[in-house]
Amino acid sequence: MREMRLKSARHRDHGVQVMTFEQLAVRLAGGFCQPIDEETLRAAVQACLAEADLGELDGIKTLPGMIGAAVGTLHKAWRAGVDLQARAGDQPRLASIAQLEAAVLGTLPPSMLRPTDIVAAGMQRLDHAEALFGPVEIVGITELSPCWRPLLHALAAKVPIRWVAGPRETPSWLDGKMVEVVQTEAKTPAVETVSASTAYHEAIEALRWARRLIATGQAAPGEVAIASVTPAEYDDYFLALRSDANLDLHFVHGVPVTACREGQAAAALADILVRGISQNRMRRLVALVGDGGELFKALPEGWTRVLPNDAPLASVEAWDRLADRLTAEDWPDGADHTPALRALIAQLGEGVGVAEKVGQQLLTGRALKIWKKALAAGPAASLDQTLETLKEDDGLEACVSMAWMPASALAASPRPFVRLLGLNSARWPRPITDDRLLSDHIIPSAELDPLPISAADRRDFRTILATTEHQVVLSRARRDSDGRLLGRSPLLQGQPEEGYLRRNRVPPHAYSETDRLMARPEEFRALPQALSAACCWRDWWRNELTPHDGLVRADHPVLQSILERTQSASSLRRLLRNPLGFVWQYGLRLREPESGEDPLVLDALAMGNLVHMTLEQALRRLESADGLANATAAQIASAIDVAAEDVALSWEMEHAVPPPVIWRRTLDDVRAMGAQALTFDDEPLPDARSFAEVPFGGLEPAAEAEMPWDASVPVEIPGTGFRINGYIDRLDIDGNGQRALVRDYKTGKAPRNDITLDGGRELQRCLYAFAVKALLGEQVEVSASLLYLRDEVDLQLADPEATLATIREALRAARASLMAGSGVLGPDTGGRYDDLAFALPANAGATYSKIKIPAAKAQLGPAAEIWEAP
């Protein structure tokens, strides 16, 4: 219609009216009558489904998809001229559909009429046809629904009617004596057949073809069309490629509403209502909606800063616990907005049952319109799926832009240059399927759907070939997205021999800058980014060390800065065993990308933290009573149970947790390991006091509790220049203050053999023992051990003084090496527990590290000797 209006305007055909036959019938019927549009029909079906008695359909009327199925069936029956009320007694299913029709018509305004009612009203006003319309031309269609045919023939008796078919087929029911049929010879375009690797490749080749036509001057953008009978399969591809190519590609059938910000806002709200609230979903909603909604206006700007970064907040209860802890000082403006936050969470926590109400309170403008449209199109329980199917106009002018459209639209509005996609078996033509509610044995498909989808696809294909003036390219995919082979469409029989397009071919004309650079390696190689990437890749596979392996200039200020910071046992371990990772983590601030998925099980680090938190609370609870040394087994078990419950609540609020069954099993393991830690049978210290998670070196205590020393006192390893800090898992001091036991809990597997430094992996025992002696005094006898809770193995440090001397020498050498510019790899680089391995070549531990480690050992010199320590 837009093409015809533009053509009429260009030819100055004043007074020409362009409308559908349905609009013509409505105008003839007069009064205030209106056709029943699809959106209104959906809303009416949704409104009456719950209350209507549908007989045998009652059991499925609340299921997702029922609204769409009912709308489709009513449309088919009305357009086919089927009188549902008259045939209600023929079959129970027809009775159900007739009851649905009656309920829908009772819901609609009286002015909205079915097609047969519009035709009946129009028949009464045929005498006004000449004054209303004058001569009538029917253009661009090859079929007319049965409900309109009687009016067409009756109208032909009053005004001249021309059926301008052009090269198209004409229907057999058309009376050529009453209606003048105008036909022309079919066009003879150049036809080319090609196959691409996948549907995505088809889309790429289509844009390459279109840009070539426009760039070479063969065609204007408004003369180019790309079409398929299943455009939804390609929509996402063309949306992404259109942006990359910077081309005005008009989606005739509309773009998904989720392609715009307002649609994403509606989708974010649907995600919360359907799947439940969480911090990630809330942040996404806030980012898209801002303070536009009523509930958000009650919260200050930047209010999401009160949310703990690592907390999943995956339940209403978790949000309530967070609200309990918030004070006015936590909010950005210093005022207490906790009631407003509670109101917001309470509304969102009610789920899809309050979807309409919540949408009114949180969304505005276009986002709210999309929300209401989605609620009218399907049940609230499937809002997220409904939003994915909704379309809207993309705002481009159809007549002067390249067009991506359904094949039926192209058949009605031809263009000189056409590319058809998806010509695969079972895809074009599509197979015939029964109506979802009125199958063939109830009403024959030939009656309910006179032009079935398969016949329509074949007809559209013939029409496009006959109406395209210059060029038609027929394209198919060789494989689907899963790699399965796809067959050729039967419509390709008799067409020219198929051209084979390789996915990595060099195109004659690129569709975008990215495509051009991929097609011209010599041009890409000259770019600074490509030069740097190529140099890095080559350096990675050379035997000698290069700047891409961590060599930097000596005395670099970044290196000086990270060496002057207070170190922990883990940072010193990284310095000794992975200098490259040490520089990346503390100098460049690289971090492992966070996963957006909840874990199936806790990883080793999280499990260790959970056990340590539980032991800390249990031990402090026991010490606040009669002390661990005097506690019975039952008291220890009770303290661990209470601590595990408290820790689980706080953990669930701040971290992602596994599924409930696995989470309960994890907490059982925590309790078992906690009992093993606090009841381990070793030599007790007389009148001992026990401390948990004891800070030193400037760290703050994790909770208010008695400390054995001033935690703010710095601890420096003599002769190394390194200050250290940390938390000691457990410290026992005897009543005289002359003996101390440092214990580090391990939740992993115990080593097969006794270890001291384990190649620099195990530093905690020795460093923590040194820190205890430094803070309590040289007169205190300190012993240190590793307690492996799962295997009940306690590894004592035999000679702390000698071990500390070895560590001092290694740290001095590591410091000198790093200041000399040797921030290179070590034995832990690219290993299983290297969280920065993503910045290295793939499978770096088995490839890159093996190539480089000999050169790294030579470069580091004395600093690498610790790797061999037992």
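Coordinates for the structure precede this section.
From a predicted model like this one, the values you see are computed outputs, not experimental measurements. (Residues numbered from 1 in each chain as written. Predicted model: local features only at pLDDT ≥ 70, side-chain atom pairs only at ≥ 80, totals over all residues. Heavy atoms only, no water.)

Draft legend 1. Examining the overall build of the protein chain more closely. Looking only at helices and strands, one finds 33 helices and 21 strands in the protein chain. Over its C-alpha trace the protein chain gives a radius of gyration of 38 Å, far above what one expects of a compact globule, namely 29 Å for 870 residues. For the protein chain, the spread of C-alpha atoms along the three principal axes comes to 120 × 65 × 50 Å. Burial analysis of the protein chain (870 residues in total) assigns 48% to the buried set. For the protein chain, restricting intrachain contacts to residue pairs at least 6 apart in sequence, the fraction spanning at least 24 positions comes to 74%. Total accessible area computed for the protein chain in this model is approximately 41800 Å², and 51% of it derives from carbon and sulfur atoms. Mean positive and mean negative side-chain charge positions of the protein chain (92 and 118 charges, respectively) differ by 8 Å. (Helix = DSSP H or I, 4+ residues; strand = E, 2+ residues; numbered from the N terminus. Rg over C-alpha atoms; globule rule 2.2 N^0.38 Å. Buried < 20%, exposed > 50% of the residue type's maximum accessible area, 1.4 Å probe, protein only. Contact = heavy atoms within 4.5 Å. Areas by Shrake-Rupley, 256 points an atom, 1.4 Å probe, with all protein chains shown as cover. Lys, Arg positive; Asp, Glu negative; His and termini not counted. Charge placed at Lys NZ, Arg CZ, Asp CG, Glu CD.)

Draft legend 2. Broad picture of the packing of helix α11 (residues 261-275) against helix α17 (residues 365-377). Where α11 contacts α17, the axes come no closer than 8 Å and their chain directions differ by 55°. Put simply, α11 runs oblique to α17. Along this stretch, α11 crosses α17, giving a crossing that reads as right-handed. Seen from α11, the contacting residues are E262, G263, A265, A266, L269, A270 and L273; seen from α17, they are R366, A367, I370 and W371. Its residues assigned to classes, the contact of α11 with α17 comprises 8 nonpolar, 1 polar and 2 charged. (Axes fitted to C-alpha atoms, helices over the stretch in contact; angles between N-to-C directions. Parallel < 35°, antiparallel > 145°, perpendicular 65-115°, else oblique. Left-handed = near helix turned anticlockwise from the far one by under 90°. Nonpolar A, V, L, I, M, F, W, Y, C, P; charged D, E, K, R; others polar.)

Draft legend 3. Fine view of unusual backbone geometry. With an omega of 5°, the peptide bond between W428 and P429 qualifies as cis. Along the chain, P429 turns up in the loop between β12 (417-420) and α20 (445-448). Backbone geometry at R12 places phi at a positive 60°, although glycine is not the residue there. Note that R12 resides in the loop between α1 (2-10) and α2 (21-29). The phi dihedral of D758 falls on the positive side, at around 50°, and the residue is not glycine.

Draft legend 4. Structural context of helix α9 (residues 199-215). Between its terminal C-alpha atoms α9 stretches 24 Å, which fits the 24 Å expected from 17 residues at 1.5 Å a residue. The buried fraction of α9 amounts to 12 of the 17 residues, a majority that puts the element mostly inside the structure. Following α9 by one or two positions, G217 has its phi on the positive side, about 80°. (Expected span 1.5 Å × (residues − 1).)

Draft legend 5. Geometry of the pattern of salt bridges. Under the defined criterion, the tally for this structure stands at 56 salt bridges. A salt bridge links E3 to R415; its shortest N-O distance comes to 3.2 Å. With E3 in helix α1 and R415 in the loop between α19 (407-412) and β12, this pair connects stretches of sequence that are 412 residues apart. Accessibility expressed as a relative area gives 5% for R415, which makes it buried. Between D324 and R342 there is a salt bridge whose closest N-O contact spans 2.5 Å. Remark: R342 occurs in helix α15 (residues 338-349) and D324 occurs in helix α14 (residues 316-325); sequence separation between them is 18 residues. Judged by its relative accessible area of 32%, R342 is partly exposed. (Salt bridge = Lys/Arg side-chain N within 4 Å of Asp/Glu carboxyl O.)

Draft legend 6. Just the sheet that holds strand β6 (residues 190-196), in detail. Across the sheet, 7 strands lie side by side as β8-β11-β7-β12-β13-β6-β14; this open sheet has parallel pairing. The strands lining the two open edges of the sheet, one partner per strand, are β8 (249-251) and β14 (498-500). Each adjacent strand pair in this sheet contributes to an overall mean axis angle of 25°, direction not counted. Alignment of β6 against strand β13 (residues 471-477), held across 7 bridges, turns out to be parallel. When the bridges of β13 are listed, T193 appears paired with L474. (Pairing = 2+ DSSP bridges.)

Draft legend 7. Examining the side chain of R478 more closely. Counting through the fold element by element, R478 comes out in the loop between β13 and β14. Here R478 is buried and forms no salt bridge, its nearest opposite-charge partner E498 lying at an N-O distance of 6.1 Å. Non-local contacts of R478, meaning those with residues more than four positions away in its chain, are made with S195, A196, S197, R484, L485, L486, Y500, L501 and R502.

Draft legend 8. Structural context of the nonpolar core. Counting residues in hydrophobic clusters, the biggest one holds 63 residues, and the most contacted among them are L572, I728, L731 and L767. If sequence neighbours within four positions are ignored, I728 has contacts with A692, E693, V694, F696, W709, V742, Y768 and V772. (Core = buried A, V, L, I, M, F, W, Y, C linked by side-chain atoms within 4.5 Å.)

Draft legend 9. Focus on the packing of helix α26 (residues 569-577) against helix α32 (residues 800-819). Look at α26 against α32: their axes get within 10 Å of each other, and the N-to-C directions meet at 65°. The orientation of α26 with respect to α32, classified from their angle, is roughly perpendicular. Note on packing geometry: the crossing formed by α26 with α32 is left-handed. Here α26 contributes L572, L575 and L576 to the contact with α32, which in turn contributes A810, L811, A814 and L818.

Draft legend 10. Structural view of the packing of aromatic side chains. All chains considered together, the criterion is met by 12 aromatic pairs. Taking 5.4 Å as the distance between ring centres and 70° as the angle between the ring planes, the aromatic pair formed by W537 and W541 counts as edge-to-face. Of the residues examined, W537 reaches a relative accessible area of 49% and is grouped as partly exposed. The structure contains a cluster of three or more aromatic residues connected by ring pairs, namely W537, W540, W541 and Y848. Over the face of the ring belonging to Y500 we find R478, whose NZ or CZ atom lies 3.8 Å from the ring centre. Above the ring of F722, the side-chain terminus of R815 is found at 4.9 Å from the ring centroid. (Phe/Tyr/Trp six-rings, centres within 6.5 Å; stacked < 30°, edge-to-face > 60°. Lys NZ or Arg CZ within 6 Å of the ring centre and 35° of its normal.)

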